[in-house]
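# Coordinate inspection notes
Chain by chain, the residues:
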Amino acid sequence: MKIGIIGAGHVGLVTGACFADLGHQVMMVDDDRRKVAALRAGRVPFFEPGLEELVRRGMAHGRLRVTRAIPEAVDCSTLLFVCVGTPTRPNGEADLSAVETVTRRIARSMRAYRLVVEKSTVPVQTGAWMRRTLREMVRRGVDCDVASNPEFLREGCAIQDFLHPDRIVIGAESERARRLLVDLYTPFHAPLVVTDVSSAELLKHASNSFLALKISYINAVAQVCERVGADVVKVADGMGLDRRIGRAFLDAGVGWGGSCFSKDVAAFTRIATAHRCDASLLRAAAGINRRQRPYAVARLRRLLGPLRGRTVGVLGLAFKPDTDDLRDAPALDIVPKLRAAGARVRVFDPKAMPAAKKLLGRGVTFCRNAYEAARGADAVMLLTEWNEFKELDVTRMASLMRQPVVFDGRNLYDPAAMRRAGMRYAGIGRGQMQQTAHSTQHTEKAGKKR
Ligand code: UDX
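Residues numbered from 1 in each chain as written. Predicted model: local features only at pLDDT ≥ 70, side-chain atom pairs only at ≥ 80, totals over all residues. Heavy atoms only, no water.

Neighbouring the ligand are 20 residues; Glu155, Lys204, Asp251, Phe319 and Lys320 lie closest to it. Between the ligand and Leu250 there is a distance of 3.4 Å, counted from an oxygen atom to a backbone nitrogen or oxygen. Contact distances for the ligand include 3.2 Å between an oxygen atom and a side-chain N or O atom of Arg410. Within the complex, 93% of the 660 Å² of free accessible area of the ligand lies under protein. With 4 residues, the top contributor of residues to the shell around the ligand is helix H9 (residues 197–228). (Near = heavy atom within 4 Å. Polar contact = N/O pair within 3.5 Å; in protein donor to acceptor, adjacent residues only side chain to side chain. Areas by Shrake-Rupley, 256 points an atom, 1.4 Å probe, with all protein chains shown as cover. Helix = DSSP H or I, 4+ residues; strand = E, 2+ residues; numbered from the N terminus.)

Looking now at the packing of aromatic side chains. Applying the stated criterion to the full structure yields 9 aromatic pairs. On the numbers, 5.9 Å between centres and 50° between planes, the contact of Phe19 with Tyr185 is tilted. Taken together, the residues span a long stretch of sequence, with Phe19 in helix H1 (residues 10–21) and Tyr185 in helix H8 (residues 175–185) at a distance of 166 residues. You can call Tyr185 buried: its relative accessible area is 3%. (Phe/Tyr/Trp six-rings, centres within 6.5 Å; stacked < 30°, edge-to-face > 60°. Buried < 20%, exposed > 50% of the residue type's maximum accessible area, 1.4 Å probe, protein only.)

Moving on: the pattern of salt bridges. This structure, assessed with the given rule, holds 25 salt bridges. A salt bridge links Arg57 to Glu53, with the shortest nitrogen-to-oxygen separation between them at 3.0 Å. One end of the pair, Arg57, and the other, Glu53, are both in helix H3 (residues 51–60), 4 residues apart, so they sit about a helical turn from each other. Judged by relative accessible area, which is 29%, Arg57 ranks as partly exposed. Notably, a salt bridge pairs Arg410 with Glu385, separated by 3.7 Å at the nearest N-O pair. (Salt bridge = Lys/Arg side-chain N within 4 Å of Asp/Glu carboxyl O.)

Counting 65 residues, the largest nonpolar core has Val314, Leu317, Leu338, Met381, Phe389 and Met397 as the members making the most contacts within it. Here this core gets 5 residues from one element, more than from any other, and that element is helix H12 (residues 280–304). Once residues within four sequence positions are removed from consideration, Met397 is found in contact with Leu315, Tyr371, Ala374, Val380, Leu392, Val406 and Met423. Grouped together as the second largest cluster of nonpolar side chains are 42 residues, Ala8, Leu79, Ile168 and Leu184 included. (Core = buried A, V, L, I, M, F, W, Y, C linked by side-chain atoms within 4.5 Å. Contact = heavy atoms within 4.5 Å.)

Under the domain assignment, the protein is made up of domain 1 (2–195) and domain 2 (200–450). On a C-alpha basis, the centres of domain 1 and domain 2 stand 34 Å from each other. With 32 residues of domain 1 at the contact, the number on the domain 2 side is 23 residues. Between domain 1 and domain 2 lies a buried interface of about 2200 Å² when both sides are counted; carbon and sulfur atoms form 58% of it. If you sort the residues of domain 1 by the area they bury against domain 2, Phe47, Val124 and Glu155 come out on top, with a joint share of 30%. Joining domain 1 to domain 2, the criterion identifies 3 salt bridges. Across the pair Arg270 and Glu93 runs a salt bridge, and its minimum N-O distance is 3.1 Å. Put simply, the parts of the chain that give the side of domain 1 that touches domain 2 at least two residues each are helix H6 (126–137), strand E7 (168–172) and strand E8 (192–195). (Domains from an automatic or database assignment. Buried area = accessible area lost by both parts, 1.4 Å probe.)

Here it is as structure tokens:
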């Protein structure tokens with residue numbers, strides 16, 4: 001098929017490169033001159049495992065081309081995927097200005113039937129607006145359709161998620177639109193959910209919000225674990241064996257970051273509120289997540305005492321491993337809070353250092369590896385569970401530190417192993433609170449009363 005992709009971001013570029021690799025003819029469009037130049041030179045302007053190789057292969061085989069002109073893509077493509085950003089406005093609403101601009105430009109360029117496909121995450125009923133706008137603007141006699149085909153790609157494993165999805169969601173109003181998308185996706189051999197546009201749009205917001213809800217739920221359970229001396233990792237393992245619950249997204253930690261969860265939960269909250277529905281669950285999830293960041297700093301203060309004059313080594317800045325993406329990363333909140341408390345901060349991240357240098361600014365020492373970040377530190381704070389941090393020589397790290405203290409913001413480490421290496425270790429929800437002298441006496445007294 002001939003496919004146009006409008007927007008060469010994390011979603012658009014993965015979608016276009018994968019379709020090209022599957023043999024389709026793809027025209028990628030982006031209005032960023034530098035990004036287009038980089039792509040034409042075979043460079044991808046962000047880190048996503050395997051993507052740069054896929055882009056180069058597509059361009060070498062002539063199946064992936066890049067342009068800044070939407071009319072060029074409209075002329076040579078039957079399907080046009082809209083993959084532009086829908087950032088959050090200050091009031092929580094999704095900013096659809098890019099979607100609106102692109103829709104109008106497509107309409108003005110259309111000379112023959114085109115199927116315009118929403119891949120960007122948009123509020124429900126955006127497709128209805130797009131369809132009205134296209135039909136008002138296209139030349140007389142030119143037919144068009146709008147469909148919704150939301151993505152469920154996770155950064156760091158986006159190509160895997162695209163090629164081997166749990167399900168493919170198709171929201172379409174006409175048989176012609178349905179047929180085009182079913183034919184496109186049948187070779188994926190994944191379950192197809194074929195429905196109307198609004199259900200497909202809502203399915204995306206509902207899915208992401210549920211995943212966010214799951215994370216905040218386990219973080220709330222972790223707080224109880226710390227008070228009663230339970231281990232949230234064991235609790236989550238036991239919960240997850242129930243197939244109705246599932247283990248994924250039950251990892252307690254400093255909470256979610258990234259370009260999607262906060263945005264989608266805020267947008268879904270706005271949609272529910274606008275339709276006078278109960279958005280309290282969504283607000284609660286967002287609130288718990290927001291509070292995880294200052295909570296992490298408070299936990300470190302409980303470990304170290306006053307932070308003024310202390311040195312903290314931060315391991316991991318990206319919002320998750322296998323990406324250089326710092327959008328809404330917990331580290332972007334936590335590092336400034338450490339600085340504001342008077343701590344000296346040393347940081348290391350395997351991929352996100354160039355971006356971090358632009359964002360974290362003065363007063364932070366950027367290190368070349370985890371051991372350098374730990375050198376002379378009163379504590380190490382792990383915020384991103386990169387694989388390479390799993391293999392660190394903990395004894396060597398402890399020997400470099402002024403005090404052997406670790407706050408494990410992603411429960412990456414085994415508390416017993418850390419203690420055997422001489423570390424004072426605190427995770428999130430690992431029952432440390434119970435193990436201090438005071439709280440043990442407290443529990444014994446409580447036990448006598450019963
Ligand atoms: C998410 C959705 O998973 C994906 O389906 C959607 O298309 C885009 O948004 P992404 O944000 O790339 O993907 O990464 P994800 O793996 O979902 O992690 C999001 C954040 O949640 C990360 O900061 C991660 O550290 C955090 N997280 C994830 C937890 O804190 N606990 C968990 O158990 C899982």
